[in-house]
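For reference, the chains in residue letters:
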Amino acid sequence: GNTRHYKFNIKLQNVTRLCHTKSIVSVNGQFPGPPIIAREGDRVVVKVVNHVQNNVTIHWHGVRQLRSGWADGPAYVTQCPIQTGQTYVYNFTITGQRGTLFWHAHISWLRSTLYGPIIILPKKNVPYPFAKPYKEVPIIFGEWWNTDPETVITQALQNGGGPNVSDAYTINGHPGPLYNCSAQDTFKLKVKPGKTYLLRLINAALNDELFFSIANHTLTVVDVDAIYVKPFKTDTILITPGQTTNLLLKAKPHFPNATFLMAARPYATGRGTFDNSTVAGLLHYEPPPKSSPSAPSFENLPLFKPTLPPLNDTSFAANFTRKLRSLANTQFPANVPQNVDKRFFFTVGLGTNPCPQNQTCQGPNNSTKFSASVNNVSFVLPTTALLQAHFFQQSNGVYTTDFPATPIFPFNYTGTPPNNTMVSNGTKVVVLPFNTSVELVLQDTSILGIESHPLHLHGFNFFVVGQGFGNFDAKKDPPKFNLVDPVERNTVGVPSGGWVAIRFLADNPGAWLMHCHLEVHTSWGLKMAWIVKDGKLPNQKLPPPPSDLPKC
Ligand code: C2O
């Protein structure tokens, strides 16, 4: 492969949205940030220079980082932050992935403005497993706050309440015509009649899963999280924060000059006060070729609008995810672990913490703080990086290795009313020997209401072998697992009031965060970490850190 060099200057930039101008933290003054474009097998070298007052790290979301954990990016997990005036060079190779991923800041809520696409093309002279598209178009969803999102979350954590919801969703940085004062600020995709387009969708929004649809057009899903899937057609897709989806869009042959609306709005099951806002963009057909002057024009037709599912449409969500299957053929096999070395059962959900003395909290029941946990452990980031502590065998005072493999005490996870809200804080990890084959069941809980949680695992792809509603049944459910062509990905929605089962091979030594990709839940502690030990062979070991790795 080739080496692709990039320079990311982190600096402030004035941006105006919804008639508000504010200074945002940006990469090279661009919003959204610049794309990383590489082929499978290429090395990517990104020099990040921090010119702002905030501490910064960048995460290459979904990149496997095989034996390059020092480049993964989550603050206090694989590295200390890049401080003002400092530089860090991220250096990694893209192996076994083709499709779309994205990069984003991985510290506090800085990813609200620091994000951009990662486009992974197949190796040279290797075609797509579908007809070559005429053009490829990134479509990246985000969230916009009129105020500073860093302040929003800092205040929420202090007061123990929920943070303000964002003021708009965006497509490629634009809120679109359905928001106040934003008609001019709309993403427009120009298409030629009859041509096929590859849309590379990325959900970089902080706190919402999204439905997406284009009026009067059928979409064909061909790839998720940079892994090809068996193609299937649908009018609407669901994409959670942290997920990416490649779609084929075939422009109709007979609509010169016509305009259609594309739109996205949340799938949100757990939210009380819901901001029912829709981000929209335009799909605009070019005029007919000059050679056919008599062709009809659709210029003056009313705008076609898509119909999106209701915001709590959990059955759509479940049916959509069930359609996702790996190609699982000889060229693109699905290497699903058939045997399991270690089983884990993790509850994921919200909870409460007592309000600290001398503080007023605005959380549930007035006197509590919001919290979120895995197996009732709310993860606290250490003040030095886990990976350094592990690599240099200095875990004392940084982390403990007693993360519970199953709930501390079992309860009726999806019952009403819930009966277990006790959450404790800790920096606990699971340690895995190299090449452990892991099965993990993620169970949603009804504490403070059921809600879908998009769980993201760093450092690995996993296979989604089963999912269901209610409580997972360790006897009845496993025989129904799909071990043949389950979808392979890095972020999966744990069904609202249900469970999902995943399998992965721990073949990547390092320290790997797993968390809900709803940023508010991550902030409340819905995260944990795996430490995978070195193997015996030289190519099974994590190399020492680069010399410019930031210090805490
Ligand atoms: Cu997209 Cu831990 O992140």
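Per an unreviewed UniProt entry, the chain is named Laccase, and its organism is Vitis rotundifolia. In its Function (unreviewed entry) section, UniProt records this for the chain: "Lignin degradation and detoxification of lignin-derived products."

What the chain contains, in helices and strands, is four helices and 32 strands. Relative to a compact globule of 552 residues, whose C-alpha radius of gyration would be 24 Å, the chain shows 23 Å and is just as compact. C-alpha extents for the chain along the principal axes are approximately 75 × 55 × 55 Å. Within the chain, the proportion of its 552 residues that are buried is 49%. For the chain, long-range pairs separated by at least 24 residues make up 78% of all intrachain contacts whose partners lie at least 6 apart in sequence.

Moving on to the sheet that holds strand β6 (residues 87-93). Taken in spatial order, the four strands line up as β2-β1-β4-β6 in an open sheet, and their pairing is mixed. Because the sheet does not close on itself, it has two edges, and the strands there are β2 (20-27) and β6. Strand-to-strand twist of the sheet, defined as the mean angle between neighbouring strand axes without regard to direction, takes the value 25°. Here strand β1 (residues 3-17) pairs with strand β4 (residues 43-50) via eight bridges, running parallel.

Our next topic: the UniProt feature "domain: Plastocyanin-like" (unreviewed entry) in the chain. The feature "domain: Plastocyanin-like" (unreviewed entry), as given by UniProt, occupies residues 10-124, 136-287 and 411-535 in the numbering adopted here. Split by type, residues 10-124 is 0% helix and 46% strand. Its first and last C-alpha atoms lie 32 Å apart.

On to the domain arrangement of the chain. Along its sequence, the chain is carved into domain 1 (1-128), domain 2 (130-320) and domain 3 (342-540). Between domain 2 and domain 3, the C-alpha centre-to-centre distance is 30 Å. The interface is formed by 23 residues belonging to domain 2 together with 27 residues belonging to domain 3. Elements with a contribution of two residues or more to the side of domain 2 that touches domain 3: α1 (149-159), β15 (227-234) and α2 (314-322).

Now for the pairing of β2. Here β1 pairs with β2 via eight bridges, running antiparallel. The residue bridging Leu-12 from the neighbouring strand is Val-25, located in β2. A loop of two residues connects β1 with β2, the two strands running antiparallel in sequence, and Leu-18 in this loop sits at a positive phi of about 50°.

Note on sheets: strands pair through backbone hydrogen bonds, and any given pair is parallel or antiparallel. Spatial ordering of the open sheet is given by β24-β32-β31-β26-β29, a layout of five strands whose pairing is mixed. Both outer strands of the open sheet, β24 (429-432) and β29 (491-494), are each paired with one neighbouring strand and no more. Averaged over all adjacent pairs, the angle separating strand axes in this sheet is 20°, with direction ignored. With four bridges joining them, strand β26 (residues 453-457) and β29 adopt antiparallel strand pairing. From the neighbouring strand, Pro-454 faces β29, where its bridge partner is Gly-493.

With that out of the way, let us pick up the nonpolar core. Buried together is how nonpolar side chains tend to be arranged in soluble globular proteins. Counting residues in hydrophobic clusters, the biggest one holds 149 residues, and the most contacted among them are Val-77, Phe-141, Leu-386, Leu-442, Ile-502, Trp-512 and Ala-529. Among residues more than four places away in sequence, those in contact with Trp-512 are Leu-457, His-458, Gly-459, Phe-460, Ala-529, Trp-530 and Val-532.

Moving on, we get to α1. Those residues of α1 that fall on the buried side of the exposure criterion are Pro-149, Ile-153 and Ala-156. Angular distribution of buried residues about the axis of α1 spans 60°; they occupy a single face of the element. Among the structural elements, α4 (519-523) are those in contact with the buried residues of α1. Downstream of α1 by one or two residues, Gly-160 has phi in the positive range, about 75°.

Next up on the list: unusual backbone geometry. Glycine aside, negative phi is the norm for most residues, and most peptide bonds take the trans geometry. Backbone torsion omega between Phe-31 and Pro-32 reads -10°, so that peptide bond is classified as cis. Within the secondary structure layout, Pro-32 lies in the loop between β2 and β3 (36-39). The phi torsion at Leu-18 lies on the positive side, around 50°, for a residue other than glycine. Structurally, Leu-18 is set in the loop between β1 and β2. Under the C-beta neighbour-count criterion, Leu-18 is labelled partly exposed, with 15 such atoms within 10 Å.

Our next topic: the confidence of the model for the chain. In this model, the chain carries a mean pLDDT of 93, and residues with pLDDT of at least 70 account for 95%. Reported for the predicted complex are a pTM of 0.96 and an ipTM of 0.99.

Definitions and limits used
Residues numbered from 1 in each chain as written. Predicted model: local features only at pLDDT ≥ 70, side-chain atom pairs only at ≥ 80, totals over all residues. UniProt positions renumbered as here; feature names shortened; annotations may be inferred. Helix = DSSP H or I, 4+ residues; strand = E, 2+ residues; numbered from the N terminus. Rg over C-alpha atoms; globule rule 2.2 N^0.38 Å. Buried ≥ 20, exposed ≤ 12 C-beta atoms within 10 Å, placed from the backbone. Contact = placed C-beta atoms within 7 Å. Pairing = 2+ DSSP bridges. Axes fitted to C-alpha atoms, helices over the stretch in contact; angles between N-to-C directions. Domains from an automatic or database assignment. Core = buried A, V, L, I, M, F, W, Y, C linked by C-beta atoms within 7 Å. Arc of directions from axis to C-beta. pLDDT = per-residue confidence, 0-100.

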